[in-house]
Amino acid sequence: MSRVQRALAAVERRAGQAPADAPDRSVLERAVLTVTFHPDRPARDGRTAAEALADDGVYRTQFETGVSSGGLDEVLAGARRRWEQAMFDGAYDDASPAERPRYGGLDLLPHPDGACPRFGSTHLRLRPHVLSRATFSWGDSVLLPTAVGTWDRIEPVLAAAAAADAPELAGRRRPGPERLDHYVEAQVHGGLHLSDVEAVVTDPSYRGTAVERHLAAACERYGAALRWHDGYALPLDALDEAFRGPEPVRLARTACERLGGDVLDPALLGRAAVSILADPGTWHDEGAVTALQHLKYLWHHLAAFGYRGDGAPGT
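Here the structure is a predicted model, which is why all the values come from computation and not from measurement.

Caption draft 1: Local environment of the overall build of the protein. Of the regular secondary structure elements, the protein holds 11 helices and 10 strands. Taken against the 2.2 N^0.38 rule, which gives 20 Å for 315 residues, the C-alpha radius of gyration of the protein at 19 Å falls within 12% of a compact globule. Once the C-alpha set of the protein is aligned to its principal axes, its extents read approximately 55 × 40 × 40 Å. Here the protein holds 315 residues, and 54% of them are scored as buried. Across the protein, the fraction of contacts at a sequence separation of at least 24, relative to all contacts at a separation of at least 6, is 75%. Working note: accessible area of the protein is about 13,300 Å², and carbon and sulfur atoms make up 50% of it. Of note, the protein has its 35 positive side-chain charges centred 3 Å away from the centre of its 44 negative side-chain charges.

The following block contains the structure:
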């Protein structure tokens, strides 16, 4: 049995029988599997995610890149590895970094900006064949979810979504901060290449930038479409310290002062990330890790309140 087969079988065992109150599978008719990321964050090899996709079409794990929009395993003292060991019954215990799962979401609506905007402004919309080698959970894996399943046995996940009154099941978009925390997480097994992708959907703040050039080259080379969603933007004076604390708001002011403008968007946050990595001491006394954590929280402001397709304030 292959590593992927072992992981899928482990999740099927944990899924058990379909709950009697699970929604009908008809709610999956519009579902799309998406993988969300920041295209302009440099990995440990110096390339951004967009550059790497243009070079070889491979979407890599955090264990390869050293970068994560969620919880980085190195920072969390191995928590990601421990969760994967429990979830997949040790299928990845001796796996190389490239063999480990990729993380995304099952977009039930679907949303223009993907299933999990918490993790970035850009997403890969995967082709339907990938569903058969994906596993699913209601909620983020960091929370050790118990409602899990495969595509053929996804009813426990749908039942948990229904119990949480997920608006997507009724054809409505998630409001505000719910966009950060309420979604069906997907774990994609067996690698991820742009040949598995039907579209790369990104933010209009990247038009005319290196990100657009790299993503366009990747799509042309590997047969995916490049698409644009409505975009994220949030005026500096719209940030609320009560949401993620004062530090991200102070970082936002610094970013606007140094990089120009008074409206935050994904491209500006990407430039801030590059500057933090190049000279962390000028951004935060505690260094790059803390500054980047506050930058991640600042992205949460945009993801929750700054999507212009929701009528949020923009440029």
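Caption draft 2: A look at the pairing of strand S6 (residues 184-188). Of all the 5 residues making up S6, 5 are buried; the element is thus mostly covered by neighbouring parts of the structure. The two faces of S6 match: Val184, Ala186 and Val188 on one face and Glu185 and Gln187 on the other face are all buried. Bridge analysis of strand S2 (residues 102-107) against S6 gives 5 bridges, and the strand direction is antiparallel. Among the inter-strand pairings, glycine 104 is bridged to a residue of S6, identified as alanine 186.

Caption draft 3: How the structure looks around the side chain of threonine 122. Summarising the element assignment, threonine 122 is placed in strand S3 (residues 122-126). Judged by its relative accessible area of 0%, threonine 122 falls in the buried class. Engagement of the side chain of threonine 122 in a polar contact is seen with the side chain of threonine 202, the distance being 2.7 Å. Sequence-distant contacts of threonine 122, that is, excluding residues within four places in its chain, are made with Val35, Thr36, Phe37, Pro39, Val200, Val201, Thr202, Asp203, Tyr206 and Leu215.

Caption draft 4: Focus on the nonpolar core. By size, the foremost hydrophobic cluster in this structure holds 42 residues, and its most contacted members are Leu33, Leu106, Leu124, Leu126 and Phe136. Those elements that place two or more of their residues in this core are strand S1 (32-37), helix H2 (49-56), S3, strand S4 (134-138), helix H5 (155-163), S6, strand S7 (197-202) and helix H7 (210-222). Sorting elements by how many residues they give to this core places H7 first, with 5 residues. Setting aside anything within four residues of it in sequence, one finds leucine 106 in contact with Leu28, Ala31, Val32, Leu33, Ala115, Leu131, Phe136, Trp151, Ile154, Val184 and Ala186. With 26 residues, the next largest nonpolar core counts Tyr232, Cys256, Leu269 and Ile276 among its residues.

Caption draft 5: Broad picture of the environment of threonine 34. Turning to its location among the elements, threonine 34 is positioned in strand S1. Judged by its relative accessible area of 1%, threonine 34 falls in the buried class. Those residues in contact with threonine 34 that lie beyond four places of it in its chain are Gly104, Gly105, Asp107, Gly114, Ala115, His123, Leu124 and Arg125. A distance of 3.1 Å separates a polar side-chain atom of threonine 34 from the backbone nitrogen of alanine 115.

Caption draft 6: Broad picture of the packing of helix H10 (residues 266-278) against helix H11 (residues 288-305). The interhelical angle for the contact between H10 and H11, taken along N-to-C directions, is 175 degrees, at an axis separation of 10 Å. By the angle between their directions, the pair H10 and H11 is classed as roughly antiparallel. Contacts between H10 and H11 involve Pro266, Leu269, Ala272, Ala273, Ile276 and Leu277 from the former and Ala288, Ala291, Leu292, Leu295, Leu298, Trp299 and Leu302 from the latter. Residues of the contact of H10 with H11, tallied by class, amount to 13 nonpolar, no polar and no charged.

What counts, and at which threshold
Residues numbered from 1 in each chain as written. Predicted model: local features only at pLDDT ≥ 70, side-chain atom pairs only at ≥ 80, totals over all residues. Heavy atoms only, no water. Helix = DSSP H or I, 4+ residues; strand = E, 2+ residues; numbered from the N terminus. Rg over C-alpha atoms; globule rule 2.2 N^0.38 Å. Buried < 20%, exposed > 50% of the residue type's maximum accessible area, 1.4 Å probe, protein only. Contact = heavy atoms within 4.5 Å. Areas by Shrake-Rupley, 256 points an atom, 1.4 Å probe, with all protein chains shown as cover. Lys, Arg positive; Asp, Glu negative; His and termini not counted. Charge placed at Lys NZ, Arg CZ, Asp CG, Glu CD. Pairing = 2+ DSSP bridges. Polar contact = N/O pair within 3.5 Å; in protein donor to acceptor, adjacent residues only side chain to side chain. Core = buried A, V, L, I, M, F, W, Y, C linked by side-chain atoms within 4.5 Å. Axes fitted to C-alpha atoms, helices over the stretch in contact; angles between N-to-C directions. Parallel < 35°, antiparallel > 145°, perpendicular 65-115°, else oblique. Nonpolar A, V, L, I, M, F, W, Y, C, P; charged D, E, K, R; others polar.

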